[in-house]
Amino acid sequence: MEELSYLLDYYKKRVERNPQLLSSHAIYSEYLILSERIDEAILISLKSLLVSPWFLRSQIDLGLSYLLKGDYKSSESELNHALKIDPENDNANLLLGVLYYVLGIYDISIKYLKEGFNYNPKNIYIRNLYYILTKEELPSISHFKDTENKVLNGFINSEQMLKIRAENSGKKPYELLYALSLKSENKLIEAIDTIERILIYNPYYPNALYTLGKFYEMSGNRRKKDECWEKCVDVNPLMDKIGNLAKNYENIHFDFDDLKELQKLNDRIMDNIFSKLITEEVSYEKATEEKEEIITIPEEKIEKEIEEEKEIEVEEIEVKEIEKEKEEVPFELEEIKKEEIIEKSEGVPFELEEIKKEEIEEEKVPLSKQRAEEKSNIEEDTDYYKKLGDDFLKKGMYKEAIEMFTKALKLSKEK
C-alpha cells in the first residue's frame, strides 16, 4: 500500500507538471482505480480525453471507472464509444460483458464476450468469464482470425470475402479483411479506397489506419503513410502491430517508460475487476499467477524532472513578461493597422464586390459561416465547462467537477 501511495504521488506530480502527457494520465487514473478512489480516476480520464478525445486507453479507463462506481448507463455509453474508436478492441468488449454479467443479463454478456474473443482469442479474461457463464470452453482460434489467416495466405479471394463480409453484417473488421483481399490481388487502389470509406465513419480505427499506412507505403506515398501511422500512434501506442514504430514519431502525449508501465498494469487492472465483480471462480483454468513486480522509479529520473520543472517555471515567468509587453500596444500602431485595413478593403475589385453581394442575396447565412459559428460556440462552451470543472476540482467537489468535465467532453466529441 505504501508503494502504491508513492506511485500515486509521483504520477500526480507528472500530470500536474505536464497536462499534455496522456500516458501519465492513464497510469495515474489506473492507480487511483486500484486505490478505490474512483471519482478521482473518472476526473483524470475526463481531463485526458479533453486533451485528446480519441486516446483509447483513457476512453476504456473512463468506462471501467463508471462500471466500478455502479453507474452502468455511463459505463455502457463510454465503452461503446471505445468500440466506435476501435471496433476490434477486445478489452472494451470484455468490460461490456462484465457489465451485463453484473446486471444479470447473461445473453448480452455472452454476445460481447464472443465478439471480443473473435478479435483476440488469446484474451484469458474473456475465456474465463465465458466459461463461468456457459460452462463451455472457447476454441483455440476464432472465426475472424481464421478468416484473416486465409486471406493473408491467399486462400480466400475478394469475391469470397464479399460473401463472408455480408454474412457478418458488414462489420468494419471484415470490411478491412476485404481490403486485404483486394491488395492480395494487386488491386491496391481499390484496397485504399475501401479503407478510406471505413475511416469516414470510424476515423480513428487503429488497425485501419495502420493497414492504410502500409498500403500507402507500397504505393510510394510516404507523406500519407506517415500521416496514417502518426494518427494510429495517437490513438493506441500500445497496439501490437505498431511495435517500435511509435519511436519514429515525436509525440508530446506519450513517454515510452509510461507505455511499458501501462502494459504491465493491464493484467493488474483486469485481475482487480474480476476480484471485485465476478463472484464465481473458474474451475477449468485460471490465469497464471505471476509474482507481482515492484515498480521503482530511478532517483536520477526524479531529479531530472525536478530540474526540468524549475526550468519550466523560469520560462513561464519570461512568457508572462513578454505577454504583458504585447498588451501595451502603442496607440499609433493601432491607427496604422486600421489604415492598412481600410486601404486593403478599398482595393477590392468592383466585380468581386458584386459577386459577394449576389451570394449574400442568394443565401443570407452561408453554410461555412454557420459551421464556423457553431464550432466557435462549441469551443467557447467546452472551455467554459472545463473552467467550471477545474474550479470545482480545486474545492474538492468531485461530483460537480465530473458533471462539468463530462459536459465539456460531450461538446468536444461533437466538435
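What you are looking at is a predicted structure, and each value in this text was computed from that prediction instead of being measured. (Residues numbered from 1 in each chain as written. Predicted model: local features only at pLDDT ≥ 70, side-chain atom pairs only at ≥ 80, totals over all residues. Heavy atoms only, no water.)

Check the secondary structure of the protein chain and you find 20 helices and 0 strands. When the 415 residues of the protein chain are sorted by exposure, 42% land in the buried category. If you sum the accessible surface of the protein chain, you get close to 24600 Å²; carbon and sulfur atoms cover 49% of it. (Helix = DSSP H or I, 4+ residues; strand = E, 2+ residues; numbered from the N terminus. Buried < 20%, exposed > 50% of the residue type's maximum accessible area, 1.4 Å probe, protein only. Areas by Shrake-Rupley, 256 points an atom, 1.4 Å probe, with all protein chains shown as cover.)

Turning to the packing of aromatic side chains, a few remarks are in order. Under the counting rule described, the total for this entry stands at 11 aromatic pairs. A centroid spacing of 5.4 Å and a plane angle of 50° characterise the contact between F55 and F254, whose relative ring orientation is tilted. Of the two residues, F55 sits in the loop between α3 (38-51) and α4 (56-69) while F254 sits in the loop between α14 (222-235) and α15 (256-277), which places them 199 residues apart along the sequence. Classification of F254 as buried rests on a relative accessible area of 11%. Note on Y119 and F144: the rings are 5.0 Å apart at their centroids and 80° apart in plane angle, and the pair reads as edge-to-face. One end of the pair, Y119, is in helix α7 (residues 106-119); the other, F144, is in helix α9 (residues 143-152), with 25 residues separating them in the sequence. A residue is classified by how much of its surface remains accessible, and Y119, at 5% relative accessible area, is buried. For F144, a relative accessible area of 1% gives the class buried. Taken together through their ring pairs, the aromatic side chains of Y10, Y11 and Y31 make up a single cluster. The positively charged end of K111 is found above the aromatic ring belonging to Y112, 4.2 Å away from the centroid. (Phe/Tyr/Trp six-rings, centres within 6.5 Å; stacked < 30°, edge-to-face > 60°. Lys NZ or Arg CZ within 6 Å of the ring centre and 35° of its normal.)

What follows concerns the state of the cysteines. Applying the stated criterion across every chain, the model contains 0 disulfides. C228 takes part in no disulfide bond, and the closest cysteine sulfur, belonging to C232, lies 8.9 Å away. Judged by its relative accessible area of 1%, C232 is buried. (Disulfide = S-S within 2.5 Å.)

For S169, which is not glycine, the phi dihedral falls at a positive 60°. Inspection of the secondary structure puts S169 in the loop between α10 (158-167) and α11 (172-184). Positive phi, close to 65°, is recorded for N186, a residue that is not glycine. Mapped onto the elements, N186 comes out in the loop between α11 and α12 (188-201).

Attention shifts here to the packing of helix α5 (residues 72-85) against helix α6 (residues 90-103). Packed helices, taken two at a time, are described by the angle between their axes plus the distance between the axes. Interaxial distance between α5 and α6 falls to 9 Å at its minimum, and their mutual angle equals 155°. By the angle between their axes, α5 is roughly antiparallel relative to α6. The two elements α5 and α6 meet at a crossing, and its hand is left-handed. Contacts between α5 and α6 involve Y72, S75, E76, L79, N80, A82 and L83 on the former and, on the latter, A92, N93, L95, L96, L99, Y100, V102 and L103. Of the residues that constitute the contact of α5 with α6, the class distribution is 11 nonpolar, 3 polar and 1 charged. (Axes fitted to C-alpha atoms, helices over the stretch in contact; angles between N-to-C directions. Parallel < 35°, antiparallel > 145°, perpendicular 65-115°, else oblique. Left-handed = near helix turned anticlockwise from the far one by under 90°. Contact = heavy atoms within 4.5 Å. Nonpolar A, V, L, I, M, F, W, Y, C, P; charged D, E, K, R; others polar.)

The next thing to look at is helix α13 (residues 206-219). In a regular helix each residue adds 1.5 Å, so 14 residues correspond to 20 Å; α13 covers 20 Å between its end C-alpha atoms and thus fits that length. For α13, the buried fraction is high: 10 of the 14 residues fall into the buried class. Within the sequence span of α13, burial applies to P206, N207, A208, L209, Y210, T211, L212, G213, F215 and Y216. Contacts made by the buried residues of α13 are with α5, α11, α12 and α14. Just past α13, the residue G220 takes up positive phi, approximately 90°. (Expected span 1.5 Å × (residues − 1).)

With that settled, consider α6. Between its first and last C-alpha atoms α6 spans 20 Å; for 14 residues at 1.5 Å apiece the expected length is 20 Å, and the two agree. With respect to burial, α6 is a largely interior element, 12 of its 14 residues being buried. Those residues of α6 that fall on the buried side of the exposure criterion are D90, N91, A92, N93, L94, L95, L96, G97, V98, L99, Y100 and Y101. In this structure, the buried side of α6 is in contact with α4, α5, α7, α8 (124-134) and α15. Phi turns positive one or two residues past the end of α6, at G104, with a value near 80°.

Turning our eyes to something else, we now look at the nonpolar core. Membership of the largest hydrophobic core comes to 89 residues, with the highest contact counts inside it found for Y31, L94, L95, V98, L129, M161 and I195. Grouped together as the second largest cluster of nonpolar side chains are 13 residues, I42, L43, L50 and L62 included. (Core = buried A, V, L, I, M, F, W, Y, C linked by side-chain atoms within 4.5 Å.)

Low pLDDT marks regions whose predicted coordinates should not be analysed in detail. Model confidence for the protein chain is summarised by a mean pLDDT of 82, while 75% of its residues fall at 70 or above. Within the model, the stretch residues 285-296 combines pLDDT values under 50 with 13 contacts to residues more than four positions away or in other chains. For the stretch residues 324-367, pLDDT sits under 50, and the model shows 4 contacts to residues farther than four places along the chain or on other chains. (pLDDT = per-residue confidence, 0-100.)

Summed over the entire model, instances satisfying the criterion amount to 16 salt bridges. Across the pair D39 and K69 runs a salt bridge, and its minimum N-O distance is 3.0 Å. Residue D39 is found in helix α3, and its partner K69 is found in helix α4; the two are separated by 30 residues along the sequence. On the basis of relative accessible area, D39 is assigned to the partly exposed category, the value being 26%. A salt bridge links R165 to E175; the nearest nitrogen and oxygen atoms lie 2.7 Å apart. Of this pair, R165 sits in helix α10 while E175 sits in helix α11, placing them 10 residues apart in sequence. Taking the relative accessible area as the measure of exposure, E175 reaches 13% and is therefore buried. Through salt bridges with shared partners, a single ionic network connects R14, D255 and D258. (Salt bridge = Lys/Arg side-chain N within 4 Å of Asp/Glu carboxyl O.)

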